[in-house]
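Chains, contacts and geometry: an overview
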Amino acid sequence: MRFTENWKDYELLDASGGERLERWGDILLIRPDPQIVWNTPRVHPLWKKAHARYHRSKSGGGQWETYRPIPDVWEIGYDTLRFRLKPMGFKHTGLFPEQAVNWDMMGEMIRQAGRPIRVLNLFGYTGGATLACAKAGASVTHVDASKGMVTWGRENVTASGLADKPIRWLVDDCGKFVAREQRRGNTYDAILMDPPSYGRGPGGEVWKLEEQIYDFVAECVKLLSDDPLFVVINSYTAGLSPSVMHYILGSLIQGGTVTADEIGLPVTQSGLVLPCGSTAVWKGK
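Residues numbered from 1 in each chain as written. Predicted model: local features only at pLDDT ≥ 70, side-chain atom pairs only at ≥ 80, totals over all residues. Heavy atoms only, no water.

1. Section: helix 2 (residues 128-135)
- Among the 8 residues of helix 2, 7 are classified as buried, and the element is accordingly described as predominantly covered.
- Turning to helix 2, its buried residues are Gly 128, Ala 129, Thr 130, Leu 131, Ala 132, Cys 133 and Ala 134.
- Gly 137 sits one or two residues past helix 2 and shows a positive phi near 115°. (Buried < 20%, exposed > 50% of the residue type's maximum accessible area, 1.4 Å probe, protein only. Helix = DSSP H or I, 4+ residues; strand = E, 2+ residues; numbered from the N terminus.)

Encoded structure:
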């Protein structure tokens, strides 16, 4: 399992009984996590000092219970990158900190390439990977079906001092965008994607990951340049294991090398590493 120990503003303090205790800057949050099946004693003193806890509803969704005042929006940093956070529905804050290990990996590949790199970030969310790639010197096309997420990504770029970088922000259905780029003859040196398990596009288009991921990746690789650098697939869907994603990339792209593994977050209290999803990576020559 890969993970980063470079976070200073984020920390997974403890994990027990289906919940995480996390520090986001100065804000302490308790959030549910189905991976945390162990029920060890909660000895960390900050469990009792959390600002808020997210409670799931049996009918779907859930809500935040606030114990201490929380700003409407606050910021944390990773190296020189800055991210605006806020408690959202479905327990999210606008950032997946475990992805920092992939930001570092992609940034290093871009810097070592020694040439201009065009990156396509599909299902780009609030732009963590977009910021990392742009900081490393790439030009980035960021696509997400949610106007709110794209706006949030722009805010993160400004907060990070990267507003002058060559980034295109597009609110679009990723499948339709890929098809249009094929017709236009546009290509990219690197493609990354973080597709949801289930979702809808701006026009109501339905996305079901297990049913559509192979065909979608097959269309995406048609956009690779003659000298591609990498393709990265992230997944938080239990049914899409690292091995399955490895097979997808290995069968669709000739040459290069494919690796696939879990990514996680170290738990301060126990020294464990909490699994937080999977990543498959194809690297060119």
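2. A few points about the packing of helix 4 (residues 174-184) against helix 5 (residues 209-220)
- Look at helix 4 against helix 5: their axes get within 10 Å of each other, and the N-to-C directions meet at 30°. In terms of orientation, helix 4 lies roughly parallel with respect to helix 5. In this structure, the crossing between helix 4 and helix 5 has a hand that is left-handed. Of the residues in helix 5, those in contact with Cys 174, Gly 175, Val 178 and Gln 182 of helix 4 are Phe 216, Glu 219 and Cys 220.
- Its residues assigned to classes, the contact of helix 4 with helix 5 shows 4 nonpolar, 2 polar and 1 charged. (Axes fitted to C-alpha atoms, helices over the stretch in contact; angles between N-to-C directions. Parallel < 35°, antiparallel > 145°, perpendicular 65-115°, else oblique. Left-handed = near helix turned anticlockwise from the far one by under 90°. Contact = heavy atoms within 4.5 Å. Nonpolar A, V, L, I, M, F, W, Y, C, P; charged D, E, K, R; others polar.)

3. Notes on the nonpolar core
- Grouped together as the largest cluster of nonpolar side chains are 49 residues, with contacts concentrated most on Trp 7, Phe 83, Trp 103, Met 106, Ile 110, Val 119 and Phe 230.
- Tallying contributions element by element places helix 1 (residues 100-113) first for this core, with 6 residues.
- Contact partners of Trp 103, with chain neighbours within four places excluded, come to Trp 7, Tyr 78, Phe 83, Leu 95, Phe 96, Gly 128, Ala 129 and Ala 132.
- Counting 30 residues, the second-largest nonpolar core is a separate cluster that includes Val 143, Phe 216, Leu 249 and Leu 252. (Core = buried A, V, L, I, M, F, W, Y, C linked by side-chain atoms within 4.5 Å.)

4. Thoughts on the sheet that holds strand 9 (residues 139-144)
- Taken in spatial order, the 7 strands of this open sheet run 10-9-8-11-14-16-15, and their pairing is mixed. If you trace the sheet from one side to the other, it starts and ends with strand 10 (167-171) and strand 15 (257-266), each paired once. In this sheet, adjacent strand axes meet at a mean angle of 15° when their direction is disregarded.
- In this sheet, strand 10 lies alongside strand 9 in parallel orientation, the contact comprising 5 bridges. Among the inter-strand pairings, Thr 141 is bridged to a residue of strand 10, identified as Arg 168.
- Across the sheet, helix 1 lies against strand 8 (118-122), strand 11 (190-193), strand 14 (230-235), strand 15 and strand 16 (273-283), angled at about 175° from strand 14, the strand it touches most.
- Sitting on the sheet, helix 5 touches strand 8, strand 11 and strand 14, and the angle it makes with strand 11 is about 170°. (Pairing = 2+ DSSP bridges.)

5. Considerations on the packing of aromatic side chains
- Throughout the structure, instances matching the rule amount to 10 aromatic pairs.
- Among the aromatic residues, those joined into a cluster by ring pairs are Trp 7, Tyr 10, Trp 24, Tyr 78, Phe 83 and Trp 103.
- A cation over an aromatic ring shows up here: Arg 42 above the ring of Trp 47, its NZ or CZ 4.1 Å from the ring centre.
- One cation-aromatic arrangement involves Lys 86 over Trp 152; the distance from NZ or CZ to the ring centre is 4.7 Å. (Phe/Tyr/Trp six-rings, centres within 6.5 Å; stacked < 30°, edge-to-face > 60°. Lys NZ or Arg CZ within 6 Å of the ring centre and 35° of its normal.)

6. Some remarks on the environment of Trp 282
- Mapped onto the elements of the fold, Trp 282 is located in strand 16.
- Judged by its relative accessible area of 3%, Trp 282 is buried.
- C-alpha separation for the pair Trp 282 and Ile 110, spaced 172 residues apart in sequence, amounts to 14 Å.
- Contact partners of Trp 282, with chain neighbours within four places excluded, come to Pro 228, Leu 229, Phe 230, Val 231, Leu 249, Ile 253, Gln 254, Gly 255, Gly 256, Thr 257 and Val 258.
- Here the side chain of Trp 282 touches Gly 255 through a polar contact of 2.8 Å, landing on its backbone oxygen. (Polar contact = N/O pair within 3.5 Å; in protein donor to acceptor, adjacent residues only side chain to side chain.)

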